[in-house]
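The primary structure of each chain is shown beneath.
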Amino acid sequence: MLHISSLLNPAPGAQPVGDASNIAPNGNDTNGSLPDDNDSAFGGSLLGTEADSLEESITDYPYENGRRYHAFKDGEYWGPNDDSANEGHDVAHHLYLLTLDGKLHLAPITQPHNILDVGCGTGIWAIEIADAYSCAHVVGTDLSPTQPMFVPPNCAFEIEDFNCPWTYPKDHFDFIHVRELFGSVFDWDDFLLQAFEHMRPGGYVEIVEHSVCPVSDDETVDGESFFTLWGKTVVELGERIGKTFEIWKDSKAQLETAGFENIVETRFKWPVNGWPSPELRTYGNDGNMSWKKLRELGIWNQARLHDGIEGFMLRLLTRDKMWTYEEAQIFMGKMRKEIKDLSIHAYIDVSIVYGRRPGAHKMTFEINIHRGPFGGAFWSIAFLRWSPDRLQY
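Residues numbered from 1 in each chain as written. Predicted model: local features only at pLDDT ≥ 70, side-chain atom pairs only at ≥ 80, totals over all residues. Heavy atoms only, no water.

1. Focus: the overall build of the protein
Alright, step 1. Counting secondary structure elements, the protein contains nine helices and 14 strands.
Alright, step 2. Looking at the protein residue by residue over its 393 residues, the buried ones come to 46%.
Alright, step 3. About 19,700 Å² of surface is accessible on the protein, with carbon and sulfur atoms providing 53% of the total. (Helix = DSSP H or I, 4+ residues; strand = E, 2+ residues; numbered from the N terminus. Buried < 20%, exposed > 50% of the residue type's maximum accessible area, 1.4 Å probe, protein only. Areas by Shrake-Rupley, 256 points an atom, 1.4 Å probe, with all protein chains shown as cover.)

2. Examining the confidence of the model for the protein
Alright, step 1. Residues at a pLDDT of 70 or more form 77% of the protein, whose mean pLDDT is 84.
Alright, step 2. In this model, residues 5–51 is a region of pLDDT below 50 whose contacts with residues beyond four sequence positions or in other chains number 31 contacts.
Alright, step 3. Ignoring residues within four places in sequence, the model shows residues 377–393, a span with pLDDT below 50, making 46 contacts including any to other chains. (pLDDT = per-residue confidence, 0-100. Contact = heavy atoms within 4.5 Å.)

3. Description of the packing of aromatic side chains
Alright, step 1. Across all of its chains, the model carries 18 aromatic pairs by this definition.
Alright, step 2. Ring centres of Trp78 and Phe245 lie 5.7 Å apart, and the angle between their planes is 40°; this geometry places the pair in the tilted category. Separated by 167 residues along the polypeptide, Trp78 in the loop between strand 3 (67–68) and helix 3 (83–99) and Phe245 in the loop between helix 6 (226–241) and helix 7 (247–258) bring together distant segments of the chain. Side by side, Trp78 and Phe245 carry an identical accessibility label, which is buried. (Phe/Tyr/Trp six-rings, centres within 6.5 Å; stacked < 30°, edge-to-face > 60°.)

4. Digging into the pattern of salt bridges
Alright, step 1. The tally for this structure, following the rule as stated, stands at 18 salt bridges.
Alright, step 2. Residues Asp74 and Arg315 are paired through a salt bridge, measuring 3.2 Å at the closest nitrogen-oxygen approach. Highlighted residues: Asp74 in the loop between strand 3 and helix 3 and Arg315 in helix 8 (residues 291–320), separated in sequence by 241 residues.
Alright, step 3. When its relative accessible area of 3% is taken as the criterion, Arg315 is described as buried.
Alright, step 4. A salt bridge links Asp174 to Arg200; the shortest N-O distance between them is 3.5 Å. Placement of Asp174 in strand 7 (residues 173–179) and of Arg200 in strand 8 (residues 199–210) is noted, with a sequence separation of 26 residues between them.
Alright, step 5. Connected through shared salt-bridge partners, Glu64, Asp74, Arg315 and Arg319 make up one network. (Salt bridge = Lys/Arg side-chain N within 4 Å of Asp/Glu carboxyl O.)

5. Considering the nonpolar core
Alright, step 1. Ranked by internal contacts, the top residues of the largest apolar core, which has 53 residues, are Trp166, Ile176, Trp188, Phe191, Trp230, Phe312 and Met313.
Alright, step 2. If we ignore the near neighbours within four places in the chain, the residues touching Ile176 are Leu116, Val118, Trp166, Ala195, Met199, Tyr204, Val205 and Glu206.
Alright, step 3. If you look at the next biggest cluster of nonpolar residues, it comprises 18 residues, including Ile109, Trp125, Ile127 and Ile129. (Core = buried A, V, L, I, M, F, W, Y, C linked by side-chain atoms within 4.5 Å.)

6. Here's the deal with the pairing of strand 6 (residues 155–159)
Alright, step 1. With respect to burial, strand 6 is a largely interior element, four of its five residues being buried.
Alright, step 2. In the sheet, strand 5 (residues 137–142) pairs with strand 6 via five bridges, with the strands oriented parallel. Within the sheet, the bridge partner assigned to Val139 lies in strand 6 and is Ala156. (Pairing = 2+ DSSP bridges.)

7. Quick notes on the environment of Arg295
Alright, step 1. Along the chain, the position of Arg295 falls in helix 8.
Alright, step 2. Setting aside anything within four residues of it in sequence, one finds Arg295 in contact with Gly274, Pro276 and Ser277.
Alright, step 3. A polar atom in the side chain of Arg295 sits 3.4 Å from the backbone oxygen of Gly274. (Polar contact = N/O pair within 3.5 Å; in protein donor to acceptor, adjacent residues only side chain to side chain.)

8. Things to note about the side chain of Thr99
Alright, step 1. Within the element layout of this structure, Thr99 appears in helix 3.
Alright, step 2. Of note is the side chain of Thr99, whose polar atom sits 2.8 Å from the side chain of Trp270.
Alright, step 3. In this view, Thr99 contacts Phe268, Trp270, Met289, Lys293 and Leu297; residues no more than four positions away in its chain are not counted.

9. Concerning the pairing of strand 7
The side chains of a regular strand alternate, residue by residue, between the two faces of the sheet.
Alright, step 1. For strand 7, the tally of buried residues reaches seven of seven residues, placing the bulk of the element in the interior.
Alright, step 2. Where strand 4 (residues 114–118) lies against strand 7, four bridges are found, and the strand directions are parallel. Following the sheet pairing, Val118 is matched in strand 7 by Val178.
Alright, step 3. The handedness of the strand 7 to strand 8 crossover, carried by helix 5 (residues 188–197), is right-handed. (Right-handed = clockwise from strand over helix to strand, strands pointing away.)

10. A word on helix 6
At 3.6 residues per turn, the α-helix brings residues three or four places apart onto the same side.
Alright, step 1. Look at helix 6: 23 Å from first C-alpha to last across 16 residues, which is about the 22 Å you get at 1.5 Å a residue.
Alright, step 2. For helix 6, the full list of buried residues reads Phe226, Phe227, Thr228, Trp230, Gly231, Thr233, Val234, Val235, Leu237 and Gly238.
Alright, step 3. Considering only its buried residues, helix 6 is in contact with helix 8, helix 9 (325–338) and strand 11 (346–356). (Expected span 1.5 Å × (residues − 1).)

11. Some thoughts on the environment of Asp131
Alright, step 1. You can see Asp131 is positioned in helix 4 (residues 124–132).
Alright, step 2. Asp131 sits in the exposed class, given a relative accessible area of 53%.
Alright, step 3. Once the C-alpha coordinates of Asp131 and Pro153 are considered, the two residues, 22 residues apart in sequence, prove to be 9.3 Å apart.

Below is the structure:
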């Protein structure tokens, strides 16, 4: 685990080697632990090269076909981390806020102490949740250090690969947020087991995902549509790399298998462009939204898809499907053409599922009878809220 702020911006006065308390006023190390400047094995600086090499290993970004990708665990994630891709992540965040009427989550969390945002991207959700819960400590993890350096004091970002064993304390987090990790997780059973183990009893996990297969309610998308071919291609690529793109429809079952309880799933629909109107709209599992809101979502979704298609598919098509750059661009060009067609009433399904780790807080109370100074009596009730790891009054 690498802490981004400490790695890229070391604290002023930090001593990377040794302990300053052991250095005498004359500059000599009282413990004799500092090497001699004349020693050929010593490079003449207290700054070791390990931190420098670590920084280089995560910021020496590789480029493919004009797009920049993460350096740490190169190839682990298919999406670029350049400015264009980061703008797409922020547009997606706006889409989710529109969908949820400005809410950052649906899980019924109250007064969380520790929050984890897995695969945080630009860090926009982590920053906003840190502002919303100022008493909580928020950690966002990602493969790329592309998050801003100026963040709320209760928010931090770390370089972390969530497909590796988690290094956090067990029974620690009150809320774990997972958004758009489709095509990124090798083993969702193992992933959610780790989330379960590192969450406090009574804590919540929330999985926010969407489909990669555009469909319609009026058969304007059928088996011969390019949208259908697009969806099949993405799903097959996920199978090829061993990371499913269909977690959106399996999230509820996965949480049940992992042992979570009180699982709630909410579905929405995002039109692929601004086709909704008073006469045309989606039906069922769309949050009962008005056609105006569906159109607004469609316009934003179209902008995200049109500008983000290359980042979403280029590496998958050229690396994993072994297409040439030109073949990939032709395929993506057809998708851009389709999402401009208002006669095709396509949308993508959105799924938000949250579940709770068993271990409910127990509420008890005691009644105390007190003798008054004049022989009367009065009573009081003291409420005690007990949880497995702490007692609250």
